[in-house]
Amino acid sequence: MRLIKTVVITTDAEGGSARPEIVASPTRVFVLYLGNIAAGSNRSFNLKIYDRDLDRLVASRVLVSTTPEYGGPTDIRVTSDGQFLYAFYETHNPSSPTTATTYLWGAKYSLDDSFERLAYTSTPIASSKPMSELQDGGELLDDPAPLLVAGRVFVVTRLKYSLSRAGRTVYRVRELSGDDLTESAQFDLDLSDAADGRGRVSSLLSWNGRILMGLPTTVSDQGLSESNDDGALSDVLLVRMRENWTFEPENDVRAVAAEPNDRENYVSGLKAAGNYVYLTHVQSLGSPPSGEHVAWIKVLDEDLSLVRAERVRSTVWGPGGGEMRPSLEVAGNRVFSGQSAGESLGRGNAEIWVYEIIPPGATLTVNR
């Protein structure tokens, strides 16, 4: 991979540290992001459409606004089949009806300059509470992970359990109609035979007749803090499942990021191109006020072995710093990585980092 350019997508006034989600077509780059996040009472879910080289803004508009009943959007994840874009997002109302409530939504758009909304969930797919108010087994709706499998649409959330190694790793899977996004099936996917600790932000991919899922696993209870997803030392796993969501723990689980004494999580992008799988995640080193958050892109071969590691950007973990929340799209000979600003909430410029894929047959090396 070779870095070609970085492009500023949002400024402080537009939402600052929002992580852009990206879908690329042969002629366009579609960027979906949170706006007005510093003014938490008026957040919005926004769209910008660029030409393929990100040189020209073709169109922009607000897709979802804050409402009195359901509050404003907080987390967005998207996927596409090349013709349609499917977006799933959480909204949060701090006083609905009498206490804080979160809601899960979905929408389907045409992948063209009109970006017409073709379907949406007029009532929430699910509702829940913020993490701090949930008991064990409660559903967390933030960062819902989408998946397309042979024309079938899925959205995956996670259940709250302890971050400790003894905690269960359980995700909730919903299958929705690709036409109108009505729910047709629901089940809980227990990955406790593959991973330890609470299920955290994950990504999924349909590849070579299998479902790949990237997720963190707790590797030590040292310094455990249950209040956030950075609260346990962790590694990143890839679980390779059949299309019926079953797997063999001894053969289908691979550690793909396992540096000692750190927190490797927020697996917020998983894509494939040719014979390679691309994954993005965050590595947190040390601890506040002098720690560091690093956004990585990992490239894996058909055996899910690491062939390249690209350190994209980093920020201070503590005062004067912020969080890294990367996203990922791979299309043609380009890798697009959406990057949050790495500053405090609502400040700084969110960007897209554009890489050129090394031609087939060229030597790929691990670059740490």
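About the cut-offs
Residues numbered from 1 in each chain as written. Predicted model: local features only at pLDDT ≥ 70, side-chain atom pairs only at ≥ 80, totals over all residues. Heavy atoms only, no water. Helix = DSSP H or I, 4+ residues; strand = E, 2+ residues; numbered from the N terminus. Rg over C-alpha atoms; globule rule 2.2 N^0.38 Å. Buried < 20%, exposed > 50% of the residue type's maximum accessible area, 1.4 Å probe, protein only. Contact = heavy atoms within 4.5 Å. Areas by Shrake-Rupley, 256 points an atom, 1.4 Å probe, with all protein chains shown as cover. Phe/Tyr/Trp six-rings, centres within 6.5 Å; stacked < 30°, edge-to-face > 60°. Pairing = 2+ DSSP bridges. Axes fitted to C-alpha atoms, helices over the stretch in contact; angles between N-to-C directions. Core = buried A, V, L, I, M, F, W, Y, C linked by side-chain atoms within 4.5 Å. Polar contact = N/O pair within 3.5 Å; in protein donor to acceptor, adjacent residues only side chain to side chain. 1 Å grid on protein atoms, 1.4 Å probe; cavity = no way out; pocket = protein on both sides within 12 Å on 5 of 7 lines; lining within 4 Å. Points joined across faces, edges and corners; volume = space filled by probe spheres on them. Nonpolar A, V, L, I, M, F, W, Y, C, P; charged D, E, K, R; others polar. Salt bridge = Lys/Arg side-chain N within 4 Å of Asp/Glu carboxyl O.

Of the regular secondary structure elements, the protein holds zero helices and 25 strands. Relative to its length of 368 residues, the protein is compact, with a C-alpha radius of gyration of 19 Å against a globular reference of 21 Å. Seen along its three principal axes, the alpha-carbon backbone of the protein occupies a region of about 50 × 45 × 45 Å. Expressed as a percentage of the 368 residues in the protein, the buried residues total 58%. At a minimum sequence separation of 6, the contacts of the protein that also span at least 24 residues come to 53%. Split by element, the accessible area of the protein, about 14,500 Å² in all, is 45% carbon and sulfur.

Following the criterion strictly, the structure yields seven aromatic pairs and no others. Taking 5.2 Å as the distance between ring centres and 55° as the angle between the ring planes, the aromatic pair formed by Phe45 and Tyr89 counts as tilted. In this pair, Phe45 is assigned in strand S4 (residues 44-51) and Tyr89 in strand S7 (residues 84-93), connecting sequence segments 44 residues apart. Given a relative accessible area of 0%, Phe45 falls into the buried group. Taking 4.6 Å as the distance between ring centres and 15° as the angle between the ring planes, the aromatic pair formed by Tyr109 and Phe115 counts as stacked.

To continue, consider the sheet that holds strand S24 (residues 334-339). Strand order across the open sheet formed by four strands is S1-S25-S24-S23, with antiparallel pairing between neighbours. Of all strands in the sheet, those bounded by a partner on one side alone are strand S1 (2-10) and strand S23 (329-331). In this sheet, neighbouring strand axes are inclined to one another by 20° on average, regardless of whether the strands run parallel or antiparallel. For S23 and S24, the ladder comprises three bridges, and the chain directions are antiparallel. Residue Glu329 lies in a different strand from S24, and its bridge partner there is Phe336.

Before going further, it helps to examine the nonpolar core. Judged by nonpolar contacts, the single largest core of 36 residues is most densely connected at Phe45, Leu85 and Phe115. Take this core: its biggest share by element is six residues, from strand S3 (residues 28-35). In this view, Leu85 contacts Val23, Leu32, Val78, Thr79, Ser80, Ala107, Lys108, Tyr109, Leu111 and Phe115; residues no more than four positions away in its chain are not counted. Ala145, Tyr171, Ala194 and Leu204 belong to the second-largest nonpolar core, a separate cluster that totals 20 residues.

Take the side chain of Arg28 next. Relative to the assigned elements, Arg28 resides in strand S3. Within polar-contact distance, the side chain of Arg28 engages the side chain of Asp113 at 2.8 Å. Once residues lying within four places of it in the same chain are set aside, the contact partners of Arg28 are Val23, Ile49, Tyr50, Asp51, Arg52, Arg56, Val58 and Asp113.

If you walk across this open sheet you meet the four strands as S11-S12-S13-S14, and the pairing is antiparallel. Both outer strands of the open sheet, strand S11 (139-149) and strand S14 (183-190), are each paired with one neighbouring strand and no more. The sheet shows a mean angle of 25° between the axes of neighbouring strands, direction not considered. Taken together, the seven bridges between strand S13 (residues 170-176) and S14 define a ladder with antiparallel strand orientation. By the bridge assignment, Tyr171 is partnered in S14 with Leu189.

Taken as a whole, the largest pocket holds about 1,100 Å³ of empty space. Every residue lining the largest pocket is counted, 44 residues in all, and those nearest its centre are Asp75, Asp142, Asp143, Glu323 and Arg325. Ranked by residues supplied to the lining of the largest pocket, first place goes to S11 with four residues. Of the residues contributing to the lining of the largest pocket, the split by class is 13 nonpolar, 15 polar and 16 charged. Size it by volume and the second largest pocket reaches roughly 510 Å³.

All right, on to the environment of Leu163 then. Looking at the secondary structure, you find Leu163 in the loop between strand S12 (152-159) and S13. Separated by 71 residues in sequence, Leu163 and Ser234 have C-alpha atoms that sit 9.7 Å apart. If sequence neighbours within four positions are ignored, Leu163 has contacts with Gly197, Arg198, Arg200, Thr218, Leu224, Ser225, Glu226, Asn228, Gly231 and Ala232.

Our next topic: the pattern of salt bridges. When their charged atoms lie close together, side chains carrying opposite charge are able to pair. In this structure the tally under the stated criterion is 24 salt bridges. Put simply, Glu292 and Arg311 hold a salt bridge, and the shortest N to O gap is 2.7 Å. With Glu292 in strand S21 (residues 291-300) and Arg311 in strand S22 (residues 306-317), the pair connects residues that are 19 residues apart, well separated along the chain. Classification of Glu292 as partly exposed rests on a relative accessible area of 24%. Among the ionic contacts, a cluster of salt bridges with common partners joins Glu139, Arg172, Arg174, Glu183 and Asp188.

Here the focus is the environment of Thr99. Mapping Thr99 onto the fold places it in the loop between S7 and strand S8 (101-110). In sequence terms Thr99 and Lys129 are 30 residues apart; their C-alpha atoms lie 8.7 Å from each other. Not counting the four nearest positions on each side in its chain, Thr99 is found in contact with Asn93, Pro94, Lys129 and Glu133.

The element strand S19 (residues 263-273) is extensively covered by neighbouring structure, given that nine of its eleven residues are classed as buried. Sheet analysis places S19 next to strand S20 (residues 276-285), joined by eight bridges and oriented antiparallel. The residue of S20 that forms the bridge with Ala273 is Tyr276. Remark: two residues form the turn of the hairpin made by S19 and S20, two consecutive strands paired antiparallel; Gly274 in that turn has positive phi of roughly 60°.

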